[in-house]
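# Report on the structure
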Amino acid sequence: MPTVDDVLEQVGEFGWFQKQAFLTLCLLSASFAPIYVGIVFLGFTPDHRCLSPGVAELSRRCGWSLAEELNFTVPDLGPEGEAFPRQCRSYQVDWNQSALGCVDPLASLASNRSHLPLGPCLHGWVYDTPGSSIVTEFNLVCENSWKVDLFQSCVNVGFFLGSLGVGYIADRFGRKLCVLTTTLISAISGVLTAIAPDYTSLLLFRLLQGLVSKGSWTAGYTLTTEFVGLGYRRTVAILYQMAFTAGLVLFCGVAYAIPHWRGLQLAVSVPTFLFLFYYWCVPESPRWLLSQKRNFQAIKIMDHIAQKNGKLPPANLKMLSLEEDVTEKLSPSFADLVRTPHLRKHTCILMYLWFTSSVLYQGLIMHMGATGGNLYLDFFYSALVEFPAALIIILTIDRVGRLYPLAVSNLVAGAACFAMVFISHDLHWLSMVAACVGRMGITIVFQMVCLVNAELYPTFVRNLGVMVCSSLCDLGGIITPFLVFRLVEVWQGLPLILFAVLSLVAGGMTLLLPETKGVALPETIEDAENLRSFYRKAKPKEKKIYLQVQTSEVSMLAKAFQHADFLEGTRFLNMAAIQANYTLITCTYV
């Protein structure tokens, strides 16, 4: 009975239907970008100072410029350039008193301004920005600055919790229903976030969006790869992630055009309601339908794919079946991931790689937002380098392998972070180049670790292994905002040193994993345990057919093979291993 892959080989593995479905679902991937890194523009912190009643009137009366007003009325920088006193403290002075002059208004109160008492900002803050963010609207600065970290952590908590539940929905009720449901909830929660009246409701709506948005992206990823043939699956998966990069670039342009956070949030949320048209544009996965014994619907969809691709469906289409694997009947458990020494080592290393990838990827973006020059240009340039990162993966993954590109990319990202620590603030362009190199390196790691993760586990625990290890990615995203924004207040280079150490260690740990290039996916725990020896013994793949025949029939069978049009290309016969009354004949064709 033919399988889906068998039928796709005849009707087109990546024909017109697959291209149309792929481009349609790529929009879903692009829409996930503003949710994943939206904190950069939604929560940017501009220069600010305490609002002091009477200062504005005195400045108008005296005709001060902004620089003069800041010089006369705002405390100087703290020790070693610390900005906290300047932004979070104000002189305890009544600026409405008439005794204050215009030349040096504080001279009449104290000979040295450092002797004047400082107090907290009781009347709010003044922000030097033409736009707005959640920081400027809810005053998330100084003692409340940690609430910006919590805003981003909430969406990552949603990713972590939602990935388990949404994954079950996709497997139980179908990929299409999962995409439609999660997209609708994500769109509604995005709009509610834009109109949230206070900080608490803002967090709740952001958490809700996180619960469904990553699951929506994952369901789209699964649906995309299940529509195409085996030969295109890996390329399509990488290109689907490139659509996320395109979303980053577009998000930067929209943020530049709409500098107010509520308008920006609406602009990226309202269009996602259009994804509900997927109900008519995108069919259900035929592979999932077969797994649910809904063969008639699966056959109907495969016939539709054949028509769209301009091909005739095979005659035996009605016998379409799901290729069953006996190992799938085994019950996976968490203990299987650490049952044997090599699997235990692989699990620990992969969990660390997922954690490091998330911390560095999100951390570099947040660090750029907290310390960069032109926020929009810096974000745009660093997003562009993700395109060559995907190209590098496509060119090297089957030529060089997985192990060395993964290790080198980790080392490059770590070295770039370490170099940024020593680059002067005056050489912003050089710092930006180093940041882009680091971003490209960690992007390669992020995309490759998913592939390597799947290739290191046996079939019956493969999904469980990917789920458990990748959960560290979300945990890394939860703590990253606190790492970046709190450490930056101590020293701007401190997060970069942490990133460098994490990435360099990850590069070394990667070399402890076995290479999986040219090695069949492990089916059992024993196969997974012996992957390294399999790679050392790996030879060019041969397609073999094994026949058992009577010894007396060998010569006759050999002549038959010589004259048969068995397969295109050169045919070789190798006869050996006569055991008892039987001869084992290996037919290798290339």
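See the structure printed just above.
Only a predicted model underlies this, so the values are computations on that prediction, with no experimental measurement involved. (Residues numbered from 1 in each chain as written. Predicted model: local features only at pLDDT ≥ 70, side-chain atom pairs only at ≥ 80, totals over all residues. Heavy atoms only, no water.)

Glancing now at the state of the cysteines. One pass over the full model with this rule turns up 3 disulfides. In this model, Cys 62 is linked to Cys 102 through a disulfide, with the two sulfur atoms separated by 2.0 Å. Its torsion about the S-S bond being -70 degrees, the disulfide of Cys 62 and Cys 102 is classed as left-handed. With Cys 62 in helix H5 (residues 55-62) and Cys 102 in the loop between strand E2 (89-91) and strand E3 (118-120), this pair connects stretches of sequence that are 40 residues apart. When its relative accessible area of 19% is taken as the criterion, Cys 62 is described as buried. For Cys 88, the disulfide goes to Cys 142, at an S-S distance of 1.9 Å. Residues Cys 88 and Cys 142 are joined by a disulfide whose S-S torsion is about -95 degrees; by sign, that bridge is left-handed. Remark: Cys 142 occurs in the loop between helix H8 (134-138) and helix H9 (146-173) and Cys 88 occurs in helix H7 (residues 84-88); sequence separation between them is 54 residues. (Disulfide = S-S within 2.5 Å. Helix = DSSP H or I, 4+ residues; strand = E, 2+ residues; numbered from the N terminus. Buried < 20%, exposed > 50% of the residue type's maximum accessible area, 1.4 Å probe, protein only.)

The subject of this paragraph is the nonpolar core. General note: in soluble globular proteins, nonpolar side chains tend to be found buried as a group. Tyr 36, Phe 41, Leu 350 and Phe 379 are the most contacted members of the largest nonpolar core, which has 138 residues in total. The element best represented in this core is helix H17 (residues 341-371), accounting for 14 residues. Each residue touching Phe 379, except ones within four places of it in the same chain, is listed here: Val 37, Val 40, Phe 41, Leu 248, Phe 251, Cys 252, Ile 365 and Met 368. (Core = buried A, V, L, I, M, F, W, Y, C linked by side-chain atoms within 4.5 Å. Contact = heavy atoms within 4.5 Å.)

Let us look at a nonpolar patch on the surface. A surface patch of nonpolar side chains, about 570 Å² in accessible area, is lined by Val 408, Val 412, Leu 427, Trp 429, Leu 430, Val 433 and Val 437. Take the nonpolar patch: its biggest share by element is 4 residues, from helix H21 (residues 428-455). Relative to the helices and strands, Leu 430 is located in helix H21. (Patch = residues over 30% accessible without salt bridge, like charges linked within 9 Å, V, L, I, M, F, W, Y side chains within 5 Å. Areas by Shrake-Rupley, 256 points an atom, 1.4 Å probe, with all protein chains shown as cover. Salt bridge = Lys/Arg side-chain N within 4 Å of Asp/Glu carboxyl O.)

Turning our attention to empty space enclosed by the protein. A complete count under the given rule lists 2 cavities of 30 Å³ or more for this structure. Along the wall of the largest cavity there are 21 residues; nearest its centre are Ser 31, Ile 35, Ser 186, Gln 209 and Thr 272. Counting residues per element, the ones that place at least two in the lining of the largest cavity are helix H2 (16-31), helix H3 (33-37), helix H10 (175-194), helix H11 (199-227) and helix H13 (261-269). Here the lining of the largest cavity takes 5 residues from H11, the largest share from any one element. (1 Å grid on protein atoms, 1.4 Å probe; cavity = no way out; pocket = protein on both sides within 12 Å on 5 of 7 lines; lining within 4 Å. Points joined across faces, edges and corners; volume = space filled by probe spheres on them.)

Let us now look at the packing of aromatic side chains. Applying the stated criterion across every chain, the model contains 26 aromatic pairs. When the centroid spacing of 5.0 Å and the interplanar angle of 55 degrees are considered together, the rings of Trp 64 and Phe 72 count as tilted. Look at Trp 64 and you get buried, because its relative accessible area is 11%. With a centroid separation of 6.3 Å and an interplanar angle of 75 degrees, the aromatic rings of Trp 354 and Phe 446 are classed as edge-to-face. Of this pair, Trp 354 sits in helix H17 while Phe 446 sits in helix H21, and the two are 92 residues apart along the sequence. Both residues of the pair, Trp 354 and Phe 446, belong to the buried class. Among the aromatic residues, those joined into a cluster by ring pairs are Phe 32, Tyr 36, Phe 159, Trp 217, Tyr 221, Tyr 240, Phe 244, Trp 354, Tyr 361 and Phe 446. One Lys or Arg, Lys 147, reaches over the ring of Tyr 199 and ends 5.5 Å from the middle of that ring. Directly above the ring of Phe 173 sits Arg 172, whose terminal nitrogen or CZ lies 5.0 Å from the centroid. (Phe/Tyr/Trp six-rings, centres within 6.5 Å; stacked < 30°, edge-to-face > 60°. Lys NZ or Arg CZ within 6 Å of the ring centre and 35° of its normal.)

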